[in-house]
Amino acid sequence: LQLDDKYLEPETKEVNGILMTKMISDNWDNIWNFQARPDDLLIATYAKAGTTWTQEIVDMIQNDGDVQKCQRANTFDRQPFIEWTLPPPLNSGLDLANQMPSPRTLKTHLPVQLLPPSFWKENAKIIYVARNAKDCLVSYYHFSRMNKMVPDPGTWEEYVETFKAGRVLWGSWHDHVKGWWKAKDQHRILYLFYEDMKEDPRREIQKILKFLEKDISEEVLNKIIYHTSFDVMKQNPMANYTTLPTSIMDHSISPFMRKGMPGDWKNYFTVAQNEEFDKDYQKKMKGSTLTFRTEI
Ligand code: A3P
């Protein structure tokens, strides 16, 4: 991997009002024109909602619980992150996806209105995972501290405001979860919640199995539950992002596999910040039937 200052502390640039890295923005025509295939599976999330976890579950299902096979490559090489754009000679998500034989499993953080239209046209299956706003915020804050490919979060106090205003990569959490929630009534979208996955991984993995029209034995299911648990994934170099150089992700600042628990926000929000956040949240989520649990 050739280090390149161009993607460290990246500049940002909007796409239709949504904050992106400048590299994504400048590559937008190619991303928008991405050609999905009918047998693609897309894992869509707001950043830090449990993407990597879901990716591992899906890969384990697709490989019938074969741990060795699932360690064939890093998460980001097994399942291309379609909009993620890097300067050549590094592989951008689009290049990886275009080179990949079918059936492909792809990842995106795009808000629903920015999803390349070919996904709708080809009727590809989509798994969306949502996580409560406060835990997403805390996780995104720490991730932004350790990952030099996304903008610096500033102080905690500053970041709470930045997040509330949606001035983070991929835009507003509120709009993201609401937008995909609405889309699920018109498309093949399995809408899952991080908190449910944590509460009962067996039940949620069974939902994924049904959605993928896959049958597996009880033994394989148990194996998948075990290998995709937080503690086991934390030790898996092909799933925990530790193969990247520390100049990109510095796990000594905060590990990618950080806590993996609903409710950690309570260790960060002051009483005043929490009240302000809730007030703003009520306004932004008003009228939506979507509800979250902030602890389990
Ligand atoms: P925390 O920072 O709260 O620990 P994403 O993959 O979308 O970037 O999300 C990362 C978050 O999911 C991190 O949250 C990470 O610890 C958590 N995570 C990753 N694997 C997990 C697992 N197997 N079980 C529970 N949480 C997991």
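Before any of the text, the structure's been laid out above.
Below is a short write-up of the structure. Keep in mind the model is a prediction, meaning the values are calculated, not measured.

Quick look at the pattern of salt bridges
No. 1: Under the counting rule described, the total for this entry stands at 25 salt bridges.
No. 2: The partner of R293 in a salt bridge is D196, and the shortest N-O contact between them spans 2.7 Å. Taken together, the positions of R293 in the segment after α15 (271-285) and D196 in helix α11 (residues 194-199) put the pair 97 residues apart, joining distant regions of the chain.
No. 3: For R293, a relative accessible area of 31% gives the class partly exposed.
No. 4: Where K279 meets E276, a salt bridge forms, and the shortest distance between an N and an O atom there is 3.6 Å. Highlighted residues: K279 and E276, both in helix α15, separated by three residues, approximately one helical turn.
No. 5: Under the relative-accessibility criterion, K279 is labelled exposed at 54%.
No. 6: Salt bridges sharing common partners tie together D196, E199, D200, R203, E204, K207 and R293.

Quick look at a negative patch on the surface
No. 1: Negative charge collects at one region of the surface, where E9, D152, E157 and E158 lie side by side.
No. 2: Here E157 shows up in helix α9 (residues 156-164).

So, α9
No. 1: Along α9, the positions that sit buried rather than exposed are W156, Y159, V160, F163 and K164. The arc enclosing the buried residues of α9, seen along the axis, measures out at 130 degrees, which places them on a common side.
No. 2: Residues of α9 that are buried make contact with α8 (133-146), α10 (173-183) and α15.
No. 3: Looking one or two residues past α9, G166 carries a phi angle of roughly 70 degrees, positive in sign.

Some thoughts on the site of the ligand
No. 1: The immediate surroundings of the ligand are formed by 19 residues, with T51, T52, S139, Y194 and K259 found nearest.
No. 2: Within the backbone of A49, one N or O atom sits 3.2 Å away from an oxygen atom of the ligand.
No. 3: Between F230 and the ligand, the recorded distance is 3.4 Å, taken from a backbone N or O atom to a nitrogen atom.
No. 4: The fraction of the free accessible surface of the ligand (570 Å²) that becomes covered by protein chains is 98%.
No. 5: Mapped by element, the contributors of at least two residues to the shell around the ligand are α3 (51-62), α11 and α14 (230-234).
No. 6: Ranked by the residues each element gives to the shell around the ligand, the list is headed by α3, at three residues.
No. 7: Taken together, the residues that form the shell around the ligand break down as seven nonpolar, seven polar and five charged.

Structural notes on the packing of α3 against helix α13 (residues 218-227)
No. 1: Running from N to C, α3 and α13 point in directions that differ by 150 degrees, and their axes come no closer than 10 Å. In terms of axis orientation, α3 runs roughly antiparallel to α13. Every pair of crossing elements has a handedness; the one defined by α3 and α13 is right-handed. Contacts between α3 and α13 pair I57, M60 and I61 from the former with K223, I224 and H227 from the latter.
No. 2: In terms of residue class, the contact of α3 with α13 is made up of four nonpolar, one polar and one charged.

Details of the packing of aromatic side chains
The way to describe two aromatic rings as a pair is by their centre distance and the angle between their planes.
No. 1: Following the criterion strictly, the structure yields 29 aromatic pairs and no others.
No. 2: Where F143 meets F256, the ring centres are 5.8 Å apart and the plane angle is 80 degrees; that geometry is what we call edge-to-face. Placement of F143 in helix α8 and of F256 in the loop between α14 and α15 is noted, with a sequence separation of 113 residues between them. Comparing F143 with F256 shows no difference in burial state: the two are buried.
No. 3: A centroid spacing of 4.8 Å and a plane angle of 80 degrees characterise the contact between W181 and Y191, whose relative ring orientation is edge-to-face. Residue W181 is located in helix α10, and its partner Y191 is located in strand β6 (residues 189-193); the two are separated by 10 residues in the primary sequence.
No. 4: A relative accessible area of 10% means that Y191 is categorised as buried.
No. 5: Lying across the ring of F81, K107 places its NZ or CZ 4.0 Å from the centre.
No. 6: Cation over ring: K184 sits above W181, and NZ or CZ is 3.8 Å from the ring centre.

The rules we used
Residues numbered from 1 in each chain as written. Predicted model: local features only at pLDDT ≥ 70, side-chain atom pairs only at ≥ 80, totals over all residues. Heavy atoms only, no water. Salt bridge = Lys/Arg side-chain N within 4 Å of Asp/Glu carboxyl O. Helix = DSSP H or I, 4+ residues; strand = E, 2+ residues; numbered from the N terminus. Buried < 20%, exposed > 50% of the residue type's maximum accessible area, 1.4 Å probe, protein only. Patch = residues over 30% accessible without salt bridge, like charges linked within 9 Å, V, L, I, M, F, W, Y side chains within 5 Å. Areas by Shrake-Rupley, 256 points an atom, 1.4 Å probe, with all protein chains shown as cover. Lys, Arg positive; Asp, Glu negative; His and termini not counted. Charge placed at Lys NZ, Arg CZ, Asp CG, Glu CD. Arc of directions from axis to C-beta. Contact = heavy atoms within 4.5 Å. Near = heavy atom within 4 Å. Polar contact = N/O pair within 3.5 Å; in protein donor to acceptor, adjacent residues only side chain to side chain. Nonpolar A, V, L, I, M, F, W, Y, C, P; charged D, E, K, R; others polar. Axes fitted to C-alpha atoms, helices over the stretch in contact; angles between N-to-C directions. Parallel < 35°, antiparallel > 145°, perpendicular 65-115°, else oblique. Left-handed = near helix turned anticlockwise from the far one by under 90°. Phe/Tyr/Trp six-rings, centres within 6.5 Å; stacked < 30°, edge-to-face > 60°. Lys NZ or Arg CZ within 6 Å of the ring centre and 35° of its normal.

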